[in-house]
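An overview of the molecular structure
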Amino acid sequence: MTKIVDISDEKVNGKLSKYLQGQFSEHLGTGIYGGIWVGKDSAIENIHGIRKDVVDALKEISVPVLRWPGGWFSDIYHWKDGIGKTRRPLFNTSWGGSLESNEFGTNEYFDLCEQIGADSYLNVNLSSGTIHEMTDWLEYITAPVGPMAELRAKNGHKDPWKLKFVGVGNEEWGEDGQMTPEFYSDLYRLWQCFVRQYDPEQKPIFKVACGPNIDDFNWTHVVMEKANQFMDGLSLHHYGLTDLWDKKGYATGFEAKEWDSLLYSIRKMDYFIHEHGLRMAQFDPNHRVKLIVDEWGDWLHNDPGTNPAYLRQQNTIRDAVMAATTLNIFAKHANLVEMANIAQTVNVLQSMILTQDDKMLLTPTYYVFDMYKYHQDAELIEAYSDNGDPLNYTISKKNGRYIVSICNTSKDESNNITIKFGHALSKPTYSKVLHADEMDACNTFDDPDRVKLMNYTDYQINDNKLEIALKDKSIVTMIIPE
Ligand code: AHR
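Since the structure is predicted, the reported quantities are computational estimates derived from the model, not experimental observations. (Residues numbered from 1 in each chain as written. Predicted model: local features only at pLDDT ≥ 70, side-chain atom pairs only at ≥ 80, totals over all residues. Heavy atoms only, no water.)

1. Concerning the domain arrangement of the protein
Note the cut-off: An automatic or database domain assignment is the source of the domain bounds shown. Whether two residues are in contact is decided by their heavy atoms, any of which lying within 4.5 Å being enough. Accessible-area loss on putting two parts together, using a 1.4 Å probe and summing over both, is the definition of buried area adopted here.
Per the domain assignment, the segments making up the protein are domain 1 (18–377) and domain 2 (391–481). The distance between the C-alpha centroids of domain 1 and domain 2 comes to 29 Å. Contact with domain 1, which involves 40 residues of that partner, is made by 35 residues of domain 2. Across the domain 1 to domain 2 interface the summed buried area is about 2,900 Å²; carbon plus sulfur atoms make up 66%.

2. Brief notes about the pattern of salt bridges
As a reminder, the rule being used: The salt bridge definition used is simple: a Lys or Arg side-chain nitrogen within 4 Å of an Asp or Glu carboxyl oxygen. To qualify as a helix, a DSSP run of H or I must reach at least 4 residues; to qualify as a strand, a run of E must reach at least 2; elements of each kind are numbered from the N terminus. Partly exposed residues are those whose accessible area sits between 20% and 50% of the maximum for their type, while under 20% is buried and over 50% is exposed, using a 1.4 Å probe and protein chains only.
Applying the stated criterion across every chain, the model contains 20 salt bridges. Between K411 and D260 there is a salt bridge, with its nearest N and O atoms 3.0 Å apart. Of this pair, K411 sits in the loop between β18 (401–408) and β19 (415–420) while D260 sits in helix α7 (residues 256–283), placing them 151 residues apart in sequence. The exposure class assigned to K411 is buried, which follows from its relative accessible area of 17%. A salt bridge links D472 to K473; the shortest N-O distance between them is 3.5 Å. Judged by its relative accessible area of 17%, D472 is buried. Assessed through its relative accessible area of 2%, K473 is described here as buried.

3. Quick word on unusual backbone geometry
In this model, W68 is joined to P69 through a cis peptide bond whose omega is 5 degrees. On the secondary structure map, P69 appears in the loop between β5 (65–68) and β6 (90–92). A cis geometry characterises the amide bond from G70 onward to G71, with omega recorded as 20 degrees. Structurally, the position occupied by G71 is in the loop between β5 and β6. The residue I214 is not glycine, and still its phi comes out positive at about 30 degrees. In this structure, I214 sits in the loop between β10 (206–209) and α6 (217–227). On the accessibility criterion, I214 (29% relative accessible area) is partly exposed.

4. Quick notes on the UniProt feature "domain: Alpha-L-arabinofuranosidase C-terminal" (unreviewed entry) in the protein
Quick note on the threshold: UniProt positions are given in the numbering used here, feature names are shortened, and annotations may be inferred rather than shown by experiment.
UniProt marks residues 294–474 with the feature "domain: Alpha-L-arabinofuranosidase C-terminal" (unreviewed entry), using the numbering shown here. With 14% helix and 37% strand, residues 294–474 has end C-alpha atoms that lie 26 Å from one another.

Put into structure tokens, the structure is as follows:
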């Protein structure tokens, strides 16, 4: 098929927040220990204990924000055990019960953010923590003077860090609290009173309330009704599954029908955002409160031979197609969705990076983020995704250049698209494609470059028309000067 898109009026439809390309790193399996943190004395090259290869790769995709320390883990995390010279090890009862050293704590997280150039997004422990513990944490991070600032200085960091986002609780409707939305709303109203910046020079913290799981529309209704005026964002979690939770398929070696079922599940994001947006608009018609999709991605069976609690999964061209489709869905809802954080950055679920001892590889999903980074903070011209259409896309404009990203979700058919602009086009300055012939093509430590970005030449420019031919299972990004 050939799809025709006419953007000749070049109307701007809002802005694509850079935070739509956020990441999430949790203390889970080797997501932090081994994947990010190796310690200063490690033989693996590191800067202050943080893997240099991982930092270099993350810098390259311009990670705008990093959510930490969880997830479920945030609700067992007591930050004071993770600062200073002597750390109190903890049992990670959220994920397999492993005993963790706590060497990666607040100072190390902010160091990581600084090294990769990301803003901070802290999830505080509403489930098993206290307001006092939280206020001490916020003071430790943001106060220029006072007892917590002195403690921070004693631990090697004189200046306060910049704290941008705070999530108040995580998945409180589930294992983290088994709360009703009414109970959570009341708790949120209380806790958020104390989410403060301790540096008067800094902007107020962006407060994110714990939002619904997938299609729990009642949660959204109640929390918005009772507390919308006290929040800046409401979170949403949705993971792509090939089947039911207990029948998840594998990341590789899957059947053709599992391509379609995962795509079906991933595309529900469009519906969930739309439907939750309707509930939010009942109490906040102009969407002052933003939807924050702070956990998303493919959740597949853990790789054979790995600890099921560590959620380690390979990453294939199928995951790349799902990531591009989801980013296009976020762009379509850019007036409502302000931030999204893929789960998770390294070694967990749909990761950007896999590590094994001193080895590191970039996943197909990484390359999607590498192409999409050009859309960060661009003006949105058009974003499209439709359940019945194999093609979805984002077209934006930044610094006098058009950025065009198209995804062909079909596993076996090529598709074409023609985009009509308002004037004659110049030659692209960037043109890349991610494609693989096999549905489960992936990068391995023996063959780390099997799926990677290639130069893309299968296009034509005829005056004001850009004609793009997409192979099956492919994602293209082009940058064209105005
Ligand atoms: O990302 C893995 C887990 O998924 C998170 O810890 C939790 O919040 C969600 O259920």
